[in-house]
Amino acid sequence: MTSYQRICLVHYHELGLKGRNRNTFERHLMRNVEALLEHEPVEKVTRISGRVLVLLSAQADLQAGQRAVNILRKVPGVARVSCGYRCEREMDQINDAAHKALSEVDGFYTWKVVARRNHTDFPIDSMELNRLVGAYLCDRFPEKKVQMKGADVEVHVEVVQGYAYVYALTIPGIGGLPIGTAGKVVCLLSSGIDSPVATWRMARRGATCIGVHFSGRPQTQSTSEYLVDDIAHVFEEFGGIARIFTVPFGDHQRKIAALVPPALRIIIYRRFMMRVAERIARDEGAKALVTGESLGQVASQTLDNINCTNAVVKMPVLRPLIGSDKLEIIADAKKIGTYDISSSPAPDCCTLFMPRSPETHAKLADVEAAEAELPVDEWVSELMSKVELREYRCPSSYDSNHHGRAEAKAAVDDNVTKLN
Ligand code: ATP
Ligand code: MG
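Residues numbered from 1 in each chain as written. Chains lettered and ligands numbered in written order. Predicted model: local features only at pLDDT ≥ 70, side-chain atom pairs only at ≥ 80, totals over all residues. Heavy atoms only, no water.

- Going by what an unreviewed UniProt entry lists, the chain is known as Probable tRNA sulfurtransferase and is assigned to Slackia heliotrinireducens.
- Here is the UniProt Sequence similarities (unreviewed entry) comment for the chain, exactly as written: "Belongs to the ThiI family." (UniProt positions renumbered as here; feature names shortened; annotations may be inferred.)

This is the structure we're talking about:
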């Protein structure tokens, strides 16, 4: 009786370096993988000799395997994904599984077998396994060539924990650390190109990301909100964003524009954004804010201006793109799949009431003097009372000890308006 079952084997390298934390990392990775594959025919997700094994159900076909790989390759913490079969520890099954696994690889010319036996209770040692499987495959792929160094494909055969695992196709993942291992951050998320990339970089380092979006509503339409929602759906594929708070900022921008010198408008909008984002972060139990600023990219992103916006918050503000060139950021946005969405025109709040010549080297004293005319605390409270919440699929935020979650929910409870 043959009993092959399709598998995806998830390799992670960085986790191996984390010593005592390894367990936590593996637990998060397994939890994320399991949740993200919820719609695929998965029998179980388990740990196997330093990897995560996804055992697909008996009826899973090639397409199901490919879908699973396409999900897994985007999941933070995944260095590589291999797909193949689990079978009994019998030579005819192992050979057959190797044949099937190699047949599913496109466009290779050279190949070799890499066999490993972890149990001495299996009578055939690694060398012999290499030879036997190699000979079997040579007969089935006469037009291909065995090559020991730098082969296009390695056919792996591992006899471990009572089964043989055979795989050939290996695809690179995005690396990083499993989401949920690095705490929570609040990301200021516009519908532009940069801030989704900044958010993704934090998610890839294991942070659970919560977005805050300031829309120009009711002074503008909700276009930017729809775009941010589309971006969040891209992030949902790898569990990269837990929820997004939308703040209708248009009326307050209008008031700010009427009361402060035009050149300082943008900085003062930003300072309000930072204050609101920090309040949300505290409610959510997040420990840092994240922006998509890149040094000198636009007028508001000079060191002087960054100092002026930083001055209103106590929490660390992380800027994962600060040293990146626009072309690198665009390349990342294309890889993540947010570039096209971010390229759609949207009047977000920052395009509202734009001054003709914004200050590029603001002095904190001038900004504070201009703001002294404004009822800052009152406006921040008003903005907090207008916040709208939307939840997304993010396995790392399903944890039960959700510090700050209850209060945050209560604060927005009356104001939850789902986008249509
Ligand atoms: P992006 O491409 O992210 O929109 P940008 O190049 O337009 O950035 P700025 O307008 O200076 O640059 O914005 C700098 C950062 O401030 C953004 O990356 C984002 O983190 C935050 N930000 C700007 N506008 C908004 C907004 N409407 N809602 C939330 N955050 C915002
Ligand atoms: Mg922008």
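1. Some remarks on the environment of Arg254
Part 1 of the argument: Mapped onto the elements, Arg254 comes out in helix H7 (residues 250–259).
Part 2 of the argument: Relative accessible area serves as the criterion here: at 47%, Arg254 is assigned to the partly exposed category.
Part 3 of the argument: In the structure, Arg254 is positioned 99 residues away from Phe353 in sequence and 7.1 Å away in space, judged by C-alpha atoms.
Part 4 of the argument: Ignoring sequence-local partners within four residues, the contact set of Arg254 consists of Gln219 and Phe353. (Helix = DSSP H or I, 4+ residues; strand = E, 2+ residues; numbered from the N terminus. Buried < 20%, exposed > 50% of the residue type's maximum accessible area, 1.4 Å probe, protein only. Contact = heavy atoms within 4.5 Å.)

2. Some thoughts on the domain arrangement of the chain
Part 1 of the argument: Domains assigned within the chain are domain 1 (4–172) and domain 2 (184–402).
Part 2 of the argument: For domain 1 and domain 2, the distance between their C-alpha centroids amounts to 42 Å.
Part 3 of the argument: With 11 residues of domain 1 in contact, the opposing surface of domain 2 contributes 11 residues.
Part 4 of the argument: Taken together, the links from domain 1 to domain 2 amount to 2 salt bridges.
Part 5 of the argument: In this structure, Arg393 engages Glu38 in a salt bridge whose closest nitrogen and oxygen atoms are separated by 3.2 Å.
Part 6 of the argument: The biggest single contributor to the side of domain 1 that touches domain 2 is helix H1 (residues 22–36), with 4 residues.
Part 7 of the argument: Partitioning the side of domain 1 that touches domain 2 into residue classes produces 5 nonpolar, 2 polar and 4 charged. (Domains from an automatic or database assignment. Salt bridge = Lys/Arg side-chain N within 4 Å of Asp/Glu carboxyl O. Nonpolar A, V, L, I, M, F, W, Y, C, P; charged D, E, K, R; others polar.)

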